[in-house]
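Each chain is listed here by its residues.
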Amino acid sequence: MSAITLERRVGGIGDPAERLDGVEKVTGAFEYASDLCRDGMLFGATLRSPIASARIRRVDIADALASPGVEAVLLAADVPGKNRFGLNFDDQPVLAEGLVRYAGEPVAVVAATSLADARAAVGRIVLDLEELPGVYDMEQALEENAPKVHELGNVLRHVHIDHGDAGAAGAEVWVEGYYETAMQDQAPLGPEAGLAVPGGDGGVDLYVTTQWLHVDREQIAPCLGLPEDKVRLHLAGVGGAFGAREDIHSQIHACLLALRTSKPVKFSYGREESFSGHVHRHPSRIWMRHGARRDGKLVAVSARLLFDGGAYASSSPAVVANAATFAAGPYEVPNVQVEATVVFTNNPPCGAMRGFGAPQVCFAHEAQMDKLARSLDIDPVELRLRNALATGSVLPTGRPLAGSAPVREVIERCAAIPLPEPEPAAGRSLLHYPGGAGGTTRGEGLRRGVGFAVGYKNVAFSEGFDDSSTARVTLRLVRGEVEAEVYTAAVEMGQGLYTLLAQIVRSELGVERVVLRRADTMIASAGSSSASRQSTMAGGAVRLACCRVREELSRRASALAADKSRPGGPAELEDLLYEPVEAEAVHRHRRTERFDEHGQGDVHAYFCFAAERAVVEVDEELGLVRVLQVAAAVDAGRVMNPLGFAGQVEGGTAQGLGLALMEEVRLARGVISNPSFTDYLIPTILDMPPVALQAVEEPEPEGPYGLKGIAESPTVVATAAVVAALRDATGRELNRAPVSPDELVGLLGPARSAGVPAVPEVPGQEAVPSYHTTGSGQQHLM
């Protein structure tokens, strides 16, 4: 640029930059949403249905209204606007009216001067329910005589992909299998929370945990009967999300009570209520058949996918479409047929969770590849290499793969990571045995196994969605120091986004001090912090804004150089900031397409690939497991922050390991039976093995700086890799995740299917009614 040089600062792109919020979080100074407080605020509590399918005969709130400290009790009839909301379409009531469709569905909300008073008042509400026949099994939901969860029927969406001829001649070896994955909880440590503050203009300000401020507002405002500009959302501190904050939780309830009482109202769920207050990962049942030539080249894949969406749509239509597109795995397959269905049941709603449909199908297609390798007597890694996708490969959706696709490299780099040295069975620390400090073994009957898995996930929104992100960058002098401010509605939920945005600004503008303004809806949308998209989308918008700031600085520098009354010499940056420089920019990725009637189309913008190898020890008498090592090679495009990259891979791997070994939301007639971290187990630091990590850097043309979002791909492959290692150690089929100790010792056999369910008769690729997510008539596929 003319007459001024911007220096590169430490903490820029490629540096192992420390988290901007790291010190506050580890010292306890960071304010999470559950810490929010206002003078005179009330506390909200929710009455939820204890059963999953019922008719509401009567709700008597008289005793609750007369309870100490209570200032409001609201029912469905008190909702001033539309009593329906939803992420894909409006099917979920703000408060149940007439029917309840899942255990935990909100029926009434209370505001009181203390949380204890609010909860006591909830206990005084008389809820008279007539239990109705329910649907608690995803295959039952497809039966002709099954009760209908919704009037439109139990099929929420069916996706059909027909590429080539799945029955084509040329396959010399066929393998088939049936697979199940359980319902998994995102288990963010921070619960759902928010604070609604009534405004003097008749509107409301909402401080809340979420992943997408603007789409929350689109759902909230119609329910309040207010225009969107009267509903102002502000991001509160988010203690993790992983998809659980995609949907509305307490937002509408808090706003309704705040507007009714004219006082601030705070909601903060406890752990048990949190299990009912957010969606979960879809349980799945998958039937697959693979055909190959004797040399290992895949010829055909057919798959039947069935997902349990629970009682309401959430993002299920997009999840099942995602799963369908990835069902054949990251392999070149000329003939692919997929029939994928997500159904309504009276189970808790399911929606977004890290991986978004890809972990379920990866678990199945990688087990199939191992079966095929055994049938052909080909090394499992070599079989994957012979079939690996590459740039230009034709996908099952009929379009060439655009962008970088280093599938061979992630496989080779992962396989080349040294295996851990065998440890003598006797004489170890108790922590180094399966079962850990429980002292259940001294090394008797230990068997070691190794498993390998490859998978992939789309980056950013798909299926024709007009995906964009807006950001504003302001450069100014503050007490003589140059400061850059970044303003975006993109949500930081613990993933390190704001640190990355600061790195971009430091590199583009050469400034040391970068501040992030709190995200809110007063700036245009940045889209959701999901779909591994914010590094590229918000990062791309910030980079463009920085470029425009530089252009203005260059113009000012040129004007100063042309000023003959000014002393000579190059202008300093401070000389150019006689008034702030501000620029706003919008970043978009390339346009995608919706499916045609055969499931063909340029559905995704680009992809991230990963391979992981797990090494396990299994106590064959007790069925206990210790994961010794996970080796990971992850396609990053370009590593922007090595610390952040390692953290995402390790965290994603932990969630995949959890689904492999322990994590399952258990249901009894739709009621969650383990809604606590005592009974719903997640991996701790003692369960996590060392992760030997390799970054594969092949720049992505669509990503700013060549980067890709990598938050999900480790989760996609980890479950498949760990369970493959368990199969190797035990020789058992193990076709369900999570794997229980009883299955490892043979007390339980593999999950069985009564037969492949028939394909439902539905109109094309669409759910009914039509999608409306963003107000533009478009769904988002993550």
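By convention here, each chain's residues receive numbers from 1 onward along its written sequence. Residue-level local features of this predicted model are given only where pLDDT is at least 70; pairs of side-chain atoms are given and counted only at 80 or more, and the full residue set underlies all totals for whole chains, interfaces and linings. Hydrogens and water are ignored here; the side-chain numbers use all heavy atoms of the structure.

J.: Quick one: what's the story with the pairing of strand β22 (residues 624–635), residue by residue and with numbers?
T.: In terms of burial, β22 is a largely internal element, 10 of the 12 residues being buried. Bridge count for strand β21 (residues 606–619) against β22 is 10 bridges, and the pairing is antiparallel. In the strand pairing of β22, Asp619 is matched with Leu624. Connecting β21 to the next strand, β22, in antiparallel fashion are four residues, including Gly623 with a positive phi near 75°. For two strands to count as paired, DSSP must find a minimum of two bridges between them. Each helix is a run of H or I in the DSSP string that is no shorter than four residues. Each strand is a run of E no shorter than two, and both are numbered from the N terminus. Note that β22 and strand β25 (residues 691–696) share six bridges and pair parallel. Bridging from a neighbouring strand, Ala631 pairs with Ala692 of β25. In this scheme, a residue with accessible area under 20% of its type's maximum is buried, one over 50% is exposed, and one in between is partly exposed, where area comes from a 1.4 Å probe on protein chains only.

J.: Before we move on, could you go through the domain arrangement of the protein chain and cite the residues and values that matter?
T.: Domain boundaries in the protein chain define domain 1 (22–28 + 468–588), domain 2 (33–132 + 191–238 + 245–277) and domain 3 (284–462 + 595–745). Each domain's extent was defined by an automatic or database domain assignment. The C-alpha centroid of domain 3 is placed 37 Å from the C-alpha centroid of domain 1. Contacts between the two partners involve 17 residues from domain 1, matched on the other side by 18 residues from domain 3. Interface area for domain 1 against domain 3, summed over the two sides, is near 1,300 Å², with a carbon-plus-sulfur share of 58%. Once two parts are brought into contact, the accessible area they lose, counted with a 1.4 Å probe and summed over both, makes up the buried area. By the criterion of area lost to domain 3, the three top residues of domain 1 are Ala531, Ser532 and Thr536, representing 40% of everything that side buries. Criterion for a salt bridge: a side-chain nitrogen of Lys or Arg within 4 Å of a carboxyl oxygen of Asp or Glu. At the boundary of domain 1 and domain 3, one finds zero salt bridges. What qualifies as a polar contact is a pair of N or O atoms within 3.5 Å, subject to a donor-acceptor requirement within protein and to the restriction that residues adjacent in sequence count only when both atoms come from side chains. The interface formed by domain 1 and domain 3 holds seven residue pairs in polar contact (both at pLDDT 80 or more) in total. Contact between two residues is taken to exist if any of their heavy atoms lie within 4.5 Å; hydrogens are not considered.

J.: Tell me what's going on with the sheet that holds strand β20 (residues 581–588), and back it up with residues and numbers.
T.: Taken in spatial order, the four strands line up as β19-β18-β17-β20 in an open sheet, and their pairing is mixed. Both outer strands of the open sheet, β19 (513–516) and β20, are each paired with one neighbouring strand and no more. Between one strand axis and the next, the sheet turns by 20° as a mean value, whatever way the strands run. Two strands pair when backbone bridges link them, and strand β17 (residues 468–478) and strand β18 (residues 481–488) are joined in this way by eight bridges, in the antiparallel orientation. By the bridge assignment, Val478 is partnered in β18 with Glu481. A fitted line through C-alpha atoms represents every axis, and for helices the fit uses only the stretch in contact; the resulting angles, taken between N-to-C directions, go from 0 to 180 degrees. Contacts from helix α11 (residues 497–509) reach β17, β18 and β19, with the element oriented near 140° to β19. Across the sheet, helix α12 (residues 534–562) is in contact with β17, β18 and β20; its angle to β20 comes to roughly 145°.

J.: Give a detailed account of the nonpolar core, specifying residues and quantitative values.
T.: To form a nonpolar core, buried Ala, Val, Leu, Ile, Met, Phe, Trp, Tyr and Cys residues must be joined to one another through side-chain atoms within 4.5 Å. Leu305, Val338 and Ile411 are the most contacted members of the largest nonpolar core, which totals 116 residues. Ranked by residue count, the leading element in this core is helix α8 (residues 358–376), at 10 residues. Val265, Tyr487, Val491 and Leu577 belong to the second largest nonpolar core, which has 78 residues in total.

J.: Provide a residue-level description of the packing of aromatic side chains, including the pertinent values.
T.: To describe a pair of aromatic rings, one takes the distance between the centres and the angle between the planes. Two rings from Phe, Tyr or Trp (for Trp, the six-membered ring) form a pair when their centres sit within 6.5 Å of each other. Planes less than 30 degrees apart are called stacked, planes more than 60 degrees apart edge-to-face, and all others tilted. Overall, the coordinates contain 14 aromatic pairs when judged by the stated rule. With centroids separated by 5.6 Å and ring planes inclined at 65°, the aromatic side chains of Phe275 and Tyr680 adopt a geometry described as edge-to-face. Here the residue Phe275 occupies a position in helix α6 (residues 271–277), and Tyr680 occupies one in the loop between β24 (671–672) and β25, the gap between them amounting to 405 residues. Comparing Phe275 with Tyr680 shows no difference in burial state: the two are buried. Aromatic pair Tyr456 and Phe607: ring centres 5.3 Å apart, planes at 50°, arrangement tilted. One end of the pair, Tyr456, is in strand β16 (residues 446–459); the other, Phe607, is in strand β21, and 151 residues separate them in sequence. For the residue pair Tyr456 and Phe607, the accessibility class agrees, reading buried in each case. Site record: aromatic cluster; members linked through ring pairs are Phe326, Tyr456, Phe607 and Phe609. As a reminder, the over-ring test applies to NZ of lysine and CZ of arginine, requiring each to be within 6 Å of the ring centre and within 35 degrees of the ring normal. The side chain of Arg38 reaches across the aromatic face of Tyr207, ending 5.0 Å from its centre.

J.: Summarise the state of the cysteines; cite the residues concerned and give the values.
T.: Note on disulfides: each one is a pair of cysteine sulfur atoms within 2.5 Å. Under the defined criterion, the tally for this structure stands at zero disulfides. Looking at the unpaired Cys350, the closest cysteine sulfur is the one in Cys362, lying at 20 Å. Here Cys350 falls in the buried class, since its relative accessible area comes to 0%. Between Cys414, a free cysteine, and Cys362, which holds the nearest cysteine sulfur, the sulfur-to-sulfur gap is 12 Å.

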